[in-house]
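Spelled out, the chains give:
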Amino acid sequence: EARSMESLEKQLICPICLEMFTKPVVILPCQHNLCRKCANDVFQGISLGLGMSPGPEVFLVPLMSLGGLKGPWEPEMSLGLGRSWGWCCLWGPGCLCDTPKTPCRPLHAKAEQHLMCEEHEDERINIYCLRCEAPTCSLCKVFGAHKDCEVAPLPAVYQRQKSELSDGIAMLVAGNDRIQAIITQMEEICHTIEENGRRQKQHLGLRFDALYGILEERKKELLQSIAAEQEAKLQRVRGLIRQYGDHLEASSKLVESAIQAMEEPQMALYLQHSKELLKKITDMSKASMSSRPEPGYENMDHFSINVDYVAEMLRTIEFQTGA
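Per an unreviewed UniProt entry, the protein goes by Tripartite motif-containing protein 54 and derives from Leiothrix lutea. UniProt's Subcellular location (unreviewed entry) comment on the protein is quoted here verbatim: "Nucleus". Comment text from UniProt for the protein, heading Function (unreviewed entry), reads "May bind and stabilize microtubules during myotubes formation."

Peer 1: Any chance you could explain the overall build of the protein here in plain terms?
Peer 2: Broken down by element type, the protein carries six helices and eight strands. Counting the 323 residues in the protein, one finds 20% classified as buried. Contacts spanning at least 24 positions in sequence make up 48% of the contacts within the protein whose residues lie at least 6 apart. For the protein, the accessible surface area stands at approximately 24700 Å², while carbon and sulfur atoms represent 58% of it.

Peer 1: Any chance you could explain the confidence of the model for the protein here in plain terms?
Peer 2: Close reading of the predicted structure is inappropriate where its pLDDT is low. Counting all residues, the mean pLDDT for the protein is 76, and 70% of those residues have values of 70 or more. Of all secondary-structure elements in the protein, the lowest mean pLDDT belongs to strand 4 (residues 77–78), at 32, while helix 4 (residues 154–262) reaches the highest, 94. Confidence drops under a pLDDT of 50 for residues 46–111, and excluding neighbours within four residues, the segment shows 126 contacts in the predicted structure.

Peer 1: Is there a simple way to think about the sheet that holds strand 6 (residues 127–129) in this case?
Peer 2: Strand pairing in a sheet relies on backbone hydrogen bonds. The paired strands run either parallel or antiparallel. Ordered by their spatial adjacency, three strands build an open sheet running 7-6-8, and the pairing between neighbours is antiparallel. Bordering the open sheet on either side are strand 7 (134–136) and strand 8 (151–153), each of which pairs with just one other strand. Averaged over all adjacent pairs, the angle separating strand axes in this sheet is 35°, with direction ignored. Contacting strand 6, strand 7 and strand 8, helix 4 runs over the sheet at an angle of about 85° to strand 8.

Peer 1: Sorry, what's going on with the packing of aromatic side chains here?
Peer 2: Each aromatic ring pair is described using two quantities: the centre-to-centre distance and the angle formed by the ring planes. Tallying each qualifying case throughout the model produces one aromatic pair. Taking NZ or CZ as reference, Lys233 lies 5.1 Å from the ring centre of Tyr297, over its face.

Peer 1: Which parts of the structure should I look at to understand the packing of helix 4 against helix 5 (residues 267–286)?
Peer 2: Any two packed helices are characterised by how steeply their axes cross, that is the angle between the axes, and by the distance between the axes. Packing of helix 4 against helix 5 brings their axes to within 10 Å, and their N-to-C directions diverge by 155°. One element, helix 4, and the other, helix 5, form an angle in the roughly antiparallel class. When the axes of helix 4 and helix 5 are compared, the crossing they make is left-handed. Along the contact surface, helix 4 presents His247, Ala250, Ser251, Leu254, Ser257, Ala258 and Ala261, while helix 5 presents Tyr270, Leu277, Lys280, Ile281 and Met284.

Peer 1: Any chance you could explain helix 5 here in plain terms?
Peer 2: For the α-helix, the turn length of 3.6 residues means that residues three or four positions removed from each other point alike. Compared with the 28 Å implied by 1.5 Å per residue over 20 residues, the 28 Å span of helix 5 between its first and last C-alpha is a close match. The largest bend along helix 5 reaches roughly 35° and is located at Ser274.

Calculation rules
- Residues numbered from 1 in each chain as written.
- Predicted model: local features only at pLDDT ≥ 70, side-chain atom pairs only at ≥ 80, totals over all residues.
- Heavy atoms only, no water.
- UniProt positions renumbered as here; feature names shortened; annotations may be inferred.
- Helix = DSSP H or I, 4+ residues; strand = E, 2+ residues; numbered from the N terminus.
- Buried < 20%, exposed > 50% of the residue type's maximum accessible area, 1.4 Å probe, protein only.
- Contact = heavy atoms within 4.5 Å.
- Areas by Shrake-Rupley, 256 points an atom, 1.4 Å probe, with all protein chains shown as cover.
- pLDDT = per-residue confidence, 0-100.
- Pairing = 2+ DSSP bridges.
- Axes fitted to C-alpha atoms, helices over the stretch in contact; angles between N-to-C directions.
- Phe/Tyr/Trp six-rings, centres within 6.5 Å; stacked < 30°, edge-to-face > 60°.
- Lys NZ or Arg CZ within 6 Å of the ring centre and 35° of its normal.
- Parallel < 35°, antiparallel > 145°, perpendicular 65-115°, else oblique.
- Left-handed = near helix turned anticlockwise from the far one by under 90°.
- Expected span 1.5 Å × (residues − 1).
- Bend = angle between axes of the 7 residues up to and from the residue.

As structure tokens, this is what we get:
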């Protein structure tokens, strides 16, 4: 009877807080009870990754001080909760659950996928052939295609290749960073080239504008020289034209007077004016009208210029080297 009471008392005590159940709940797959608060602590530990086991065969449960065997396969770990925790095995006498109704399994752990050998369908792939560089099973090593090959444990090769892949990724990332830095540098070079090209175009335009200005100024000076001589010659010739015109007009009037005198019927009256009229005709005839432009006076060819050498010089304009 005493043992029965003791067993009943143990069943009423929470394995977490070692006190009588407070709002007991069932959370473990093995149907053991926990206080609601203790259950929350358990789930918080699992959610932090503390309850993820190495495989589907174990589950993180509290090490019960009310009994149960502990073996070397049950590593204890302190969670800062005032209790020690360990792995509860699916099989074996070391299971911490006193009367498991359902084997203890992870609540959130995903079942591991095992690849099976194509040649030996019941054998898991658990080794790696170093010669063929392919994962295989133990039977393939003993009896199959890889019996003469050197093999290694799959986890060791897995870790080594993951490490190599990680190193390769790090090298690629570092290389990408270097390439990006080079690209950035070359983009800056492109920007500088565009800026320098724009500045040099502006300077070249200013220098040619200065040449255009010199040419325009010289053109203006030469045109003024032509215009000055042209005006001087025109004034001289126009002066002569006026002079000859005046002489012609006077001579024409004298001719009219002479014709009127010839029509005078009275001899005495005619003789009164004929002497003076004859003198005017004589003077008009003797008037010198030899002043006129010399032959070729109208020619302006002496203002022609030769710009071939200047044009050739302009065509040789080049950028200075070594400036």
